[in-house]
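# Remarks on the overall topology
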Amino acid sequence: MTEIAFRQAEANDRDSILALRARCFPDDDPEKQDPRFWQWEFQRSPAGPGRMFVAESGGRIVTHFAFVPQAYVTDGAARRAVMALDAMTDPDWRGRGVYGRLHAFAIEAVKNEYAFGTAYQIRPKALPPLLRNGWTPRLKAPVLVRPLSWRALAGRAMRRPPSSGELHRTDLINPVALADIARDFFAGRVHQDRTAEFLMWRYSESPIWKYDVVAGQHAFAVTRRTRLRGFDTLALVDVAWRRGCAREAKELMRGILRRAAAAGVEVAAALITVAHPAFSVLLRLGFLPGPHRFLFLLRDFDGSSVAMLDRARWALTWGDTDHL
Ligand SMILES: CC(C)(COP(=O)(O)OP(=O)(O)OC[C@H]1O[C@@H](n2cnc3c(N)ncnc32)[C@H](O)[C@@H]1OP(=O)(O)O)[C@@H](O)C(=O)NCCC(=O)NCCS
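Residues numbered from 1 in each chain as written. Predicted model: local features only at pLDDT ≥ 70, side-chain atom pairs only at ≥ 80, totals over all residues. Heavy atoms only, no water.

Each helix and strand in the chain was counted, giving 10 helices and 12 strands. The C-alpha radius of gyration computed for the chain amounts to 20 Å, which stays within 12% of the reference 20 Å derived for 324 residues, consistent with globular compactness. The C-alpha extent of the chain, read off along each of the three principal axes, is 60 × 50 × 35 Å. Within the chain, counting contacts between residues at least 6 apart in sequence, those at least 24 apart form 76% of the total. Only carbon and sulfur atoms are counted for the fraction: they give 52% of the accessible area of the chain, which is about 14,800 Å². Charged side chains in the chain number 47 positive and 35 negative. The centres of these two groups are separated by 7 Å. (Helix = DSSP H or I, 4+ residues; strand = E, 2+ residues; numbered from the N terminus. Rg over C-alpha atoms; globule rule 2.2 N^0.38 Å. Contact = heavy atoms within 4.5 Å. Areas by Shrake-Rupley, 256 points an atom, 1.4 Å probe, with all protein chains shown as cover. Lys, Arg positive; Asp, Glu negative; His and termini not counted. Charge placed at Lys NZ, Arg CZ, Asp CG, Glu CD.)

Structure, rendered in structure tokens:
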């Protein structure tokens, strides 16, 4: 049997990891093959640098799996967590249990430093190894959708692909004020701490993903124009408002949707959990559950989180994932 070695990866493994990504995801998320994207995602995350793991055979990387640290607030207390991502095995090496073993190795390496792990599963193949490695499905987060421009939808067959032009770009000039709004908004829910540093990193510093951050005095919303399932889409990635200020948030979002429709964007979409305070507001704004769902899974690392994680009201959106 061929010898396989498991180890934590370092920054200088970047190019080999990206070459493996190109073989495993030739048609998915091409921007993630850009070294600048990798640096941003894995080296500059404010909760700490990524923890990447690789399996090697004969000095060649054949499998990769990574965690990106996340800072959560649960029951008012800060908890360090990691998000699982980028599982990939070289096509020539699949079906030999290498990924399953690397995953177990990676959990052993991080489990004393973090309280729990989060994972968002969309691809069917990713589920069995997660279940075998102790992950528990916790909830299904729907992607809500809302048609924006019937004219654009009706004429879509004849049109060119949309430009990547921004609709309404606002610089993230006051992340401290936005972090303050978020703190008020998420109180009582389990949520990823939207500190000023997190907001800057997530919505302003990516070299490739460009967001529109629209803020009022008591509310803000973050969107990104993208193509999802072939549709020119305005993805609502994050939203928050100060308690008692839902009306301001609704107005803000109505304006965003109006401008997007006028720009010919076909649909708006939002990945959002039912416990997120904006879920019902989006329904009132005309969003409906679409056909796609993300399975959210948890892995308790310290043995003390199970009960808390189970009863928690998880307020999650695309901003908490690495998808958009
Ligand atoms: C998903 C992916 C990472 C799995 O990698 P892999 O190294 O083939 O995974 P494993 O070999 O550990 O497991 C694959 C199957 O082989 C089986 N297997 C075969 N021989 C085995 C052995 N000797 N030991 C253990 N499992 C073995 C496993 O039981 C598993 O079956 P299951 O899927 O029914 O549970 C790989 O298919 C891939 O890179 N896909 C493309 C990228 C992708 O979709 N990534 C996931 C989303 S991020």
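Attention now goes to the packing of helix 1 (residues 14-24) against helix 2 (residues 35-43). Axis separation between helix 1 and helix 2 bottoms out at 11 Å; the angle between their running directions is 110°. Between helix 1 and helix 2, the angle falls in the class roughly perpendicular. Of the two possible hands of crossing, helix 1 and helix 2 adopt the one that is right-handed. Counted together, Arg14, Ile17 and Leu18 of helix 1 and Pro35, Trp38 and Gln39 of helix 2 form the full contact between these two elements. Class assignment for the residues of the contact of helix 1 with helix 2 results in four nonpolar, one polar and one charged. (Axes fitted to C-alpha atoms, helices over the stretch in contact; angles between N-to-C directions. Parallel < 35°, antiparallel > 145°, perpendicular 65-115°, else oblique. Left-handed = near helix turned anticlockwise from the far one by under 90°. Nonpolar A, V, L, I, M, F, W, Y, C, P; charged D, E, K, R; others polar.)

In this structure, Asp90 sits in the loop between strand 4 (77-89) and helix 3 (98-110). Ignoring anything within four residues of it in the chain, the contact list for Asp90 reads Leu20, Arg23, Cys24, Arg60 and Val62.

Even without a glycine there, the phi angle at Asp29 is positive, about 40°. Residue placement: Asp29 occurs in the loop between helix 1 and helix 2. With a phi angle near 55°, Asp86 is a residue other than glycine that sits in the positive phi range. Among the secondary structure elements, Asp86 is positioned in strand 4.

Below, the discussion takes up the domain arrangement of the chain. The domains assigned to the chain are domain 1 (5-135) and domain 2 (141-320). With centres defined by C-alpha atoms, the gap from domain 1 to domain 2 works out at 25 Å. Of the residues lining the interface, 37 residues belong to domain 1; the matching set on domain 2 comes to 32 residues. When the two sides are added together, the surface that domain 1 and domain 2 hide from each other amounts to roughly 3,100 Å², 66% of it contributed by carbon and sulfur. Our count for the domain 1 to domain 2 interface comes out at zero salt bridges. The interface formed by domain 1 and domain 2 contains 11 residue pairs in polar contact (both at pLDDT 80 or more). (Domains from an automatic or database assignment. Buried area = accessible area lost by both parts, 1.4 Å probe. Salt bridge = Lys/Arg side-chain N within 4 Å of Asp/Glu carboxyl O. Polar contact = N/O pair within 3.5 Å; in protein donor to acceptor, adjacent residues only side chain to side chain.)

Our next topic: the environment of Glu10. Within the secondary structure layout, Glu10 lies in the loop between strand 1 (5-8) and helix 1. Along the chain, Glu10 and Pro91 lie 81 residues apart, while their C-alpha atoms are 23 Å from each other.

Pairs may arise between side chains of opposite charge once their charged atoms sit close together. Enumeration over the complete set of coordinates arrives at 19 salt bridges. Put simply, Arg243 and Asp184 hold a salt bridge, and the shortest N to O gap is 3.0 Å. With Arg243 in the loop between strand 10 (231-241) and helix 8 (246-262) and Asp184 in helix 6 (residues 175-186), this pair connects stretches of sequence that are 59 residues apart. Under the relative-accessibility criterion, Arg243 is labelled exposed at 58%. A salt bridge links Glu251 to Arg254; its shortest N-O distance comes to 2.7 Å. Here Glu251 pairs with Arg254, and both are found in helix 8, just three residues apart, close to one helical turn. Residue Arg254 is classed as partly exposed on the basis of its relative accessible area of 36%. What you see here is one network of salt bridges that share partners, running through Arg7, Asp13 and Glu56. (Buried < 20%, exposed > 50% of the residue type's maximum accessible area, 1.4 Å probe, protein only.)

Another point: the site of the ligand. Neighbouring residues of the ligand: 15 residues in total, closest Ala87, Thr89, Gly95, Gly97 and Gly100. A distance of 3.4 Å is found between an oxygen atom of the ligand and a side-chain nitrogen or oxygen belonging to Arg94. Surface burial for the ligand is 66%, taken as the share of its 930 Å² of free accessible area covered by protein chains. For the shell around the ligand, the secondary-structure elements that each account for two or more residues are strand 4, helix 3 and helix 4 (127-132). (Near = heavy atom within 4 Å.)

This next bit is on the environment of Met52. Note that Met52 resides in strand 2 (residues 51-57). Judged by its relative accessible area of 2%, Met52 is buried. Put simply, Met52 and His64 are 12 residues apart on the chain and 7.3 Å apart in space, counted from C-alpha to C-alpha. In this view, Met52 contacts Arg7, Gln8, Ala9, Trp38, Phe42, Gln43, His64, Phe65 and Ala66; residues no more than four positions away in its chain are not counted.

Within helix 2 the residues assigned to the buried category are Phe37, Trp38, Trp40, Glu41 and Phe42. Residues of helix 2 that are buried make contact with helix 1, strand 2, strand 3 (60-74), strand 4 and helix 7 (196-204). Put simply, Asp34 is the residue that caps the front of helix 2, since its side-chain oxygen is 2.8 Å from the backbone nitrogen of Arg36.

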